[in-house]
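# Residue-level structural notes
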Amino acid sequence: MLVAGCAWHHVAWAQQTEASQVPSASSAPSGTVLQPQDPQVEDPLNIDPLAPLDQLPAMEVEWPEGGDIPAWPGEFAAEDVLPAETQAADASDSSTGDVVATDADDVRDGLATAAPPAETDDGALAEDAEGDRAARRAERQAEREARRAERQALREIDDGDVRYRVTVNFLPTEDLAELDQDAFRNRFQALSTLERLSDDDANLAQVNRRARDDNDLIDTMLRVYGFYDGEVRNSVARIPDQDRVQLTFDVNPGPIYRLSAIDLAGLDAVGVDVPAARAAFGMKVGDAANADRIVAGRLAVLTRLLETGFPFAQTGEPDLLIDHEARSGALTVPVTPGGQYRFGGVIAKDDGLFGSRHLERIARFDRGDIFQASEMDDLRRAILATGLVSTATLTPVAATDPVGNDPGTVNIQVETVAAPLRTIAGEVGYGTGEGYRAEVSWEHRNFFPPEGLVRARAVGGTQEQLINLVYRRNNFLKRDRVLTAQVLASNIDRDAFEARTFLVAASIERQTNLIFQKKWTWSLGAELVLSDERDSRARIVGGARRTFFIAALPTALTYDGTDSLLDPTRGFRLGGRLSPEYSLQSGSKGYVRIQIDGSYYQPVSDRIVMAGRVRLGSIVGANRFDIAPSRRFYAGGGGSVRGYGFQAIGPRDGNNDPIGGNGLAEVSIEARVRFGDFGVVPFFDAGNVYAGSTPDFSGIRYGAGIGVRYYSSFGPLRLDVGTPLNPQPGDSRIGVYISLGQAF
């Protein structure tokens, strides 16, 4: 809302004349009488008091208009009109400090006449008139006292920091039902000067000025909703027994204005589905002249054209001609379709980041498809999702013009600004049972264009050391497909086992990401593992390390129905993993590893989300001691059952160290309570590992605790503290877990 104002320069005029120019008495105009000069006094400046004055220098002082001076709080504003019977009394209150009404007040108020009434024989009538006059005088006196008391009450709390409460009331009218009062009030609060400055110091005059601004705001909002004859009156009064004032806006919306005509000028062009476009506008003659709906309808028509082959379509500003007498408005929205087109090619101007061929591969449209702006925007988002660019601008460029009923062709020109392609990252963490862990990595996201990433990673910790080299190509052969190949060498020394491992793996998968969170993802892979391992049982008896040669074909399928990848608040996820594996170590063993994960999220209020998860696992086809210790199931830790050490739950050897198992069952539930950027999460976890392939849910271990969350721009940071409720011998009483992201 724009508010215009002006100030006028007030200028004084003066003129100075020489003494010789002073006219004599004889030269004075006829009828002018000049006072004789005092012979005793001489004027040293020789100024003629009757001569015109010269103009003074302009002082450039801007004097406020009368409307810029706020009325005293508690009084009627300048534009408000007092009832006729109270106008004179209010004037008296402002001009006299008398406490008791006088005869002059009675004359002014119409209770008596200025001249004595004519004599009458009816004395009783005179006495009745006198009594009525006295009663009315008392009533007027009470009104004066009430007004003075109200003003005094306001002055008593005017300490320069006036607190106030704002209320908007709607007076009942015939068309009030067509106004969403709650939406109106919410919108008013979002735009209100009183609400926006409520925490700033202000005296009563400043508060009243804010109220006048909000008075204009409500009047403008009424017009937005189609009420062009609305009236708004505001009042201010002290709240009894409080050092606050009540600001009340009484709104009389008046009648609602309706559309008498709708003209989408220019819509009738070649290729335009006119009925569908008019239906998209969403308004018809007789509807309320609601500005919000008009703007939304204009956007809907433009969107309809952009989605049906008109890349150069435009809509002009709506023109609503109001007829106050008919209480209606004639609406005109100019529309310029601009011709229908089909998709041509994709032209890359990206300094070799992608190339036109690769961009056409990841686009969801083909050459010859009718142009759709949403498909072009989808390509823009896909380019941003690669992480190779910081900005991407896509522009339709006409290649051939439409001819008759045949659409033309547009190429999509892509201009990008490259993002930093290299990243060095570090990570430090701690977990009970895992100890300290530090990781550093380097990556180049376009080492082999297009989208050929190379990453080198190293991990050093109290229980794990690792070197990893990864090659990954995004959008491999098709949109959203990722090819990954990696080589890994690691040394792990945990309570459950020791392992020196060399791994070569490759996979092709459909991944999800923050920009395109996908419902379905899948993965197909192959692994070759050479691992020299020894479990805790072998360490007790002094057994030798065993070398395992393992070939695996891991696959995974996941459905994600949640509303967020990193911090879901509603929906569920369900995923399964299946890995047929063949192991060579003193003979051959074939087995299958199966794991199912499910999680569910349900908000119970604006601040609280209940979350739960279940995990079941089974290894079928081999005894657990014939399986490499690193391929068995374990439980316990920050991503499992909190309160217990990492991999500490399940069967143990004679040295009280975990040995893993073939069966797994876990369940967790937590309440995520958020306060702005922070939150607390009480949680309860349970789970166990079993020697057999089928979990029998016996010997369940329980853990509980509380966590703290900080919700950063890139996801929640997590600190959980848990304790085991039924610990095994040797379990710690407290587990601490720090990581990025929710526990599940």
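Look a little higher up for the structure.
In this text, all values refer to a predicted model and were calculated from it rather than measured experimentally. (Residues numbered from 1 in each chain as written. Predicted model: local features only at pLDDT ≥ 70, side-chain atom pairs only at ≥ 80, totals over all residues. Heavy atoms only, no water.)

Within the protein chain one finds 11 helices and 30 strands. Counting every position in the protein chain, which comprises 744 residues, the buried fraction comes to 39%. Expressed as a percentage of contacts within the protein chain between residues at least 6 apart in sequence, the contacts between residues at least 24 apart total 61%. For the protein chain, the accessible area works out to roughly 40,300 Å², and carbon and sulfur atoms hold 55% of it. (Helix = DSSP H or I, 4+ residues; strand = E, 2+ residues; numbered from the N terminus. Buried < 20%, exposed > 50% of the residue type's maximum accessible area, 1.4 Å probe, protein only. Contact = heavy atoms within 4.5 Å. Areas by Shrake-Rupley, 256 points an atom, 1.4 Å probe, with all protein chains shown as cover.)

Inspection of the entire model under this criterion finds 15 aromatic pairs. For the ring pair Tyr228 and Tyr257, a centre distance of 5.3 Å and an interplane angle of 50 degrees mean the geometry is tilted. With a gap of 29 residues between them, Tyr228 in the loop between α6 (204–224) and β4 (231–238) and Tyr257 in the loop between β5 (244–252) and β6 (258–263) connect regions that are remote in the sequence. Note on accessibility: Tyr228 and Tyr257 belong to one class, buried. Between Phe312 and Tyr341 the ring centres are 5.3 Å apart and the planes differ by 85 degrees, which places this aromatic pair in the edge-to-face class. With Phe312 in the loop between α8 (291–306) and β7 (314–315) and Tyr341 in strand β11 (residues 341–349), this pair connects stretches of sequence that are 29 residues apart. A relative accessible area of 30% places Phe312 in the partly exposed class. Feature note: the residues Phe170, Phe184 and Tyr225 constitute an aromatic cluster, connected by ring pairs. Lying across the ring of Phe683, Arg642 places its NZ or CZ 4.0 Å from the centre. Lying across the ring of Tyr711, Arg674 places its NZ or CZ 4.0 Å from the centre. (Phe/Tyr/Trp six-rings, centres within 6.5 Å; stacked < 30°, edge-to-face > 60°. Lys NZ or Arg CZ within 6 Å of the ring centre and 35° of its normal.)

Turning to the pattern of salt bridges, a few remarks are in order. Evaluation of the coordinates by the stated rule reveals 40 salt bridges. When the shortest N-O distance is used, the salt bridge between Glu464 and Arg437 registers 3.2 Å. Of the two residues, Glu464 is situated in strand β17 (residues 464–474) and Arg437 in strand β15 (residues 435–444); the sequence distance between them amounts to 27 residues. The exposure class assigned to Glu464 is buried, which follows from its relative accessible area of 14%. (Salt bridge = Lys/Arg side-chain N within 4 Å of Asp/Glu carboxyl O.)

Pro449 connects to Pro450 through a cis peptide bond whose omega is -5 degrees. Its place among the elements puts Pro450 in the loop between β15 and β16 (452–461). One non-glycine residue, Glu451, lies in the positive phi region at around 65 degrees. Tracing the sequence through the fold places Glu451 in the loop between β15 and β16. Of note, Asp480 is a non-glycine position whose phi angle comes to about 75 degrees, a positive value. A residue is classified by how much of its surface remains accessible, and Asp480, at 12% relative accessible area, is buried.

Between its first and last C-alpha atoms α6 spans 30 Å; for 21 residues at 1.5 Å apiece the expected length is 30 Å, and the two agree. Residues of α6 that are buried: Leu204, Val207, Asn208, Arg210, Ala211, Arg212, Asp214, Asn215, Leu217, Ile218, Met221 and Leu222. Residue Asn203 occupies the N-cap position of α6, its side-chain oxygen lying 3.1 Å from the main-chain nitrogen of Ala205. Trailing α6 by a residue or two, Gly226 shows a phi angle of about 100 degrees, which is positive. (Expected span 1.5 Å × (residues − 1). Polar contact = N/O pair within 3.5 Å; in protein donor to acceptor, adjacent residues only side chain to side chain.)

In this section: a nonpolar patch on the surface. Together, Phe572, Leu574, Leu578, Ile594, Ile596, Tyr600, Val614, Leu616, Val620, Val667 and Phe697 make up an exposed nonpolar region whose accessible area comes to about 940 Å². The set of elements that each furnish at least two residues to the nonpolar patch consists of β23 (571–584), β24 (588–603) and β25 (608–620). Structurally, Ile596 is set in strand β24. (Patch = residues over 30% accessible without salt bridge, like charges linked within 9 Å, V, L, I, M, F, W, Y side chains within 5 Å.)

Ordered in space as β3-β5-β4, the three strands form an open sheet in which the pairing is mixed. One side of each edge strand has no neighbouring strand; the edge strands of this open sheet are β3 (163–170) and β4. In this sheet, neighbouring strand axes are inclined to one another by 20 degrees on average, regardless of whether the strands run parallel or antiparallel. Relative to β5, β4 runs antiparallel, the two being bridged by eight bridges. Residue pairing in the sheet places Ser235 in a bridge with Thr248 of β5. Sitting on the sheet, helix α4 (residues 181–191) touches β3 and β5, and the angle it makes with β3 is about 150 degrees. (Pairing = 2+ DSSP bridges. Axes fitted to C-alpha atoms, helices over the stretch in contact; angles between N-to-C directions.)

Its location among the elements puts Gln728 in the loop between β29 (715–724) and β30 (735–740). Using a relative accessible area of 14% as the deciding quantity, one classes Gln728 as buried. Side-chain polar atoms of Gln728 contact the side chain of Arg652, separated by 3.3 Å. With residues near it in sequence (within four places) discarded, Gln728 still touches Ala648, Ile649, Gly650, Arg652 and Arg701.

Quick look at the nonpolar core now. Membership of the largest hydrophobic core comes to 30 residues, with the highest contact counts inside it found for Phe184, Phe188, Leu194, Ile218, Val245, Leu247 and Phe249. The greatest single-element share of this core, amounting to seven residues, is contributed by α6. Counting 21 residues, the second-largest nonpolar core is a separate cluster that includes Val346, Leu353, Phe371 and Ile383. (Core = buried A, V, L, I, M, F, W, Y, C linked by side-chain atoms within 4.5 Å.)

Given a rise of 1.5 Å per residue, 16 residues ought to cover 22 Å, and the 23 Å separating the end C-alpha atoms of α8 matches this to within 8%. Each element contacted by the buried residues of α8 is listed here: α7 (274–281), β7, β8 (319–323), β9 (328–332) and β10 (335–336). With a side-chain oxygen lying 2.9 Å from the backbone nitrogen of Asp292, the N-terminal cap of α8 falls on Asn290.

Together, Asp159, Asp199, Asp200 and Asp201 line one region of the surface with negative charge. Locating Asp201 in the fold gives a position in the loop between α5 (193–196) and α6. (Lys, Arg positive; Asp, Glu negative; His and termini not counted. Charge placed at Lys NZ, Arg CZ, Asp CG, Glu CD.)

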